Amino acid sequence: MDNLNLVSTFAEFKELKNIDKSTMIGVLEDVFRHLLIKTYETDENFDVIINPEKGDLEIWRNRTIVEDGAVENPNQQIAVSDARKIDATYEVGEEVAEEIKLSDFGRRAVLSLRQNLASRIMDLEKANLFNKCTEKVGEIITGEVYQVWKKEILVLDDEENELKLPKAEQIPSDFFRKGDSIKAIVARVEMKNNNPEIILSRTAPEFLQRLFEMEVPEIFDGLITIKKIVRIPGERAKVAVESYDERIDPVGACVGMKGSRIYSIVKELRNENIDVVNYTPNTQLFIQRALNPAKISSITLDEEKKTASIYLKPEEVSLAIGKGGLNIRLASMLTGYDIDVYREIDEADEPIDQFKGRVDDWILERLKSIGCDTVKSVLEQSIDEIAQRADLELETVQELVRILRSEEEDVELDDFSDEIDQETINKIKALGYTTAKSVLEVPVEELSRRSGLSSQKIDQVCDILRQEFE
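Residues numbered from 1 in each chain as written. Predicted model: local features only at pLDDT ≥ 70, side-chain atom pairs only at ≥ 80, totals over all residues. Heavy atoms only, no water.

**Student:** What's the story with the nonpolar core in this structure? I'm lost.
**Tutor:** The tendency in soluble globular proteins is for nonpolar side chains to be buried as a group. In this structure, Ile287, Leu291, Ile310, Leu312, Leu334 and Ile339 are the most contacted members of the largest nonpolar core, which totals 25 residues. Among the elements of the structure, β10 (224-232), α9 (283-290), β13 (296-302), β14 (307-312), α10 (314-321), α11 (326-335) and β15 (338-343) are those that each provide at least two residues to this core. Formed by 24 residues, the second largest nonpolar core is a distinct cluster that contains Leu211, Ile229, Val239 and Ala253. (Core = buried A, V, L, I, M, F, W, Y, C linked by side-chain atoms within 4.5 Å. Buried < 20%, exposed > 50% of the residue type's maximum accessible area, 1.4 Å probe, protein only. Helix = DSSP H or I, 4+ residues; strand = E, 2+ residues; numbered from the N terminus.)

**Student:** How should the sheet that holds β10 be read in this particular structure?
**Tutor:** Sheet strands line up and pair through hydrogen bonds in the backbone, either parallel or antiparallel. Taken in spatial order, the three strands line up as β10-β11-β12 in an open sheet, and their pairing is mixed. Only two strands of the sheet have a single neighbouring strand rather than two, namely β10 and β12 (273-278). Looking at each pair of strands side by side, their axes are set apart by 20° on average, direction ignored. Of the pairings in the sheet, the one linking strand β11 (residues 236-243) to β12 comprises six bridges and is parallel in character. Looking across to β12, one finds that valine 239 is bridged to valine 276. Seen against the sheet, α11 touches β10, β11 and β12 and runs at an angle of roughly 135° to β10. (Pairing = 2+ DSSP bridges. Axes fitted to C-alpha atoms, helices over the stretch in contact; angles between N-to-C directions. Contact = heavy atoms within 4.5 Å.)

**Student:** For this particular structure, what's the right way to read the pattern of salt bridges?
**Tutor:** Any two side chains of opposite charge can pair, so long as their charged atoms come close to each other. Per the stated rule, a full pass over the model turns up 28 salt bridges. Here arginine 33 and aspartate 43 are joined by a salt bridge, their closest N and O atoms 3.3 Å apart. Pair noted here: arginine 33 is in helix α2 (residues 21-40) and aspartate 43 is in the loop between α2 and β1 (46-51), with a separation of ten residues, a long-range link. Judged by relative accessible area, arginine 33 falls into the buried class, the value being 19%. Notably, a salt bridge pairs lysine 227 with glutamate 242, separated by 3.6 Å at the nearest N-O pair. (Salt bridge = Lys/Arg side-chain N within 4 Å of Asp/Glu carboxyl O.)

So, in structure tokens, the structure goes:
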């Protein structure tokens, strides 16, 4: 095995791994000097000359000429008679430079050198990859899905580097097959077991920001600035934007003509609803815009506690809260204020806080969190709907409704004679139920069985009676 074969092999490896020349030379020289130290106990009197372009490698040993019989260190000294075998003109005191061949080290030493060199270059490549990808953190990359596992997806980029997209960094509705093209942002780069691990993300707010930069030239050029992005991946997002040019409408520019610009972003995010909000330093106005499409009647801010009390008309409450509470949740995240929603109470309505003592505080807080802060706002919804939205047990809501209804003024059954036939009223009264509330508190099946009236008839009666309390 000669020098040329050894170095040319790694010259090809250098091209494959894209390691710069100076670094490659440094690694080669360091490895060979390590071999020299191992073999001769020192490398101080050796010159290692490397030409990575041609794959040339030369190792020269420099020794001082001494008198015959005066050699104390064969590695650093040479007898004059031996020196004159190389060149008859050598004299004592001069230096002799002779080339060392790899074959002089022995086959085992050369194999060890090859393994050491391969290991060093692989470590260098890992470090280069780590540094290169660290510089790309926050940037979008497009790769190909190579393998799909339960907890993560393995992605290959253009340079065949392996990237990982964990399940937690995927949009819930994401579905990929092997060979699919995929866009994601480089979230972080970690070293695990001396191997760089590149983690991607499709749920990070920065991913949405980069998509906007790609689709909206005004953002890329700096004419429009994204102030803040908040997301519930796959569900909804809010993006606050500001324009430095009064002639540019930041919201219109981001949405595009007939939604042309934002459409591709929504499609990439699996139909995630995106609200683009015009940023303003006016906190009240910003909160109002963040809660769009709800129309706010008034706002009370507590700057110290960072809370905002929002008052709306009853029909606007559901719009402010949004499906599953997403709208108000994202608005709070976007503005940095804890937002509490309150209905504007009319004279005929009463706040549910007056039932403290009869209803647990935590139940009242749950109701207020979904915008039900008055008796009327609770009673006008079905028990099932309140239980689902406030995350309460059905039995709890039924008891709550019973308590709220007990405070309302009762009405005699005879007052409904214009809407309910007298025969039906008499049959119900004969059972001892003479008021509307007393009828509504009895299960339909029981009332039907005892009065002899059909369940359908009893349902009609109850519907008429309930309208009195709505």
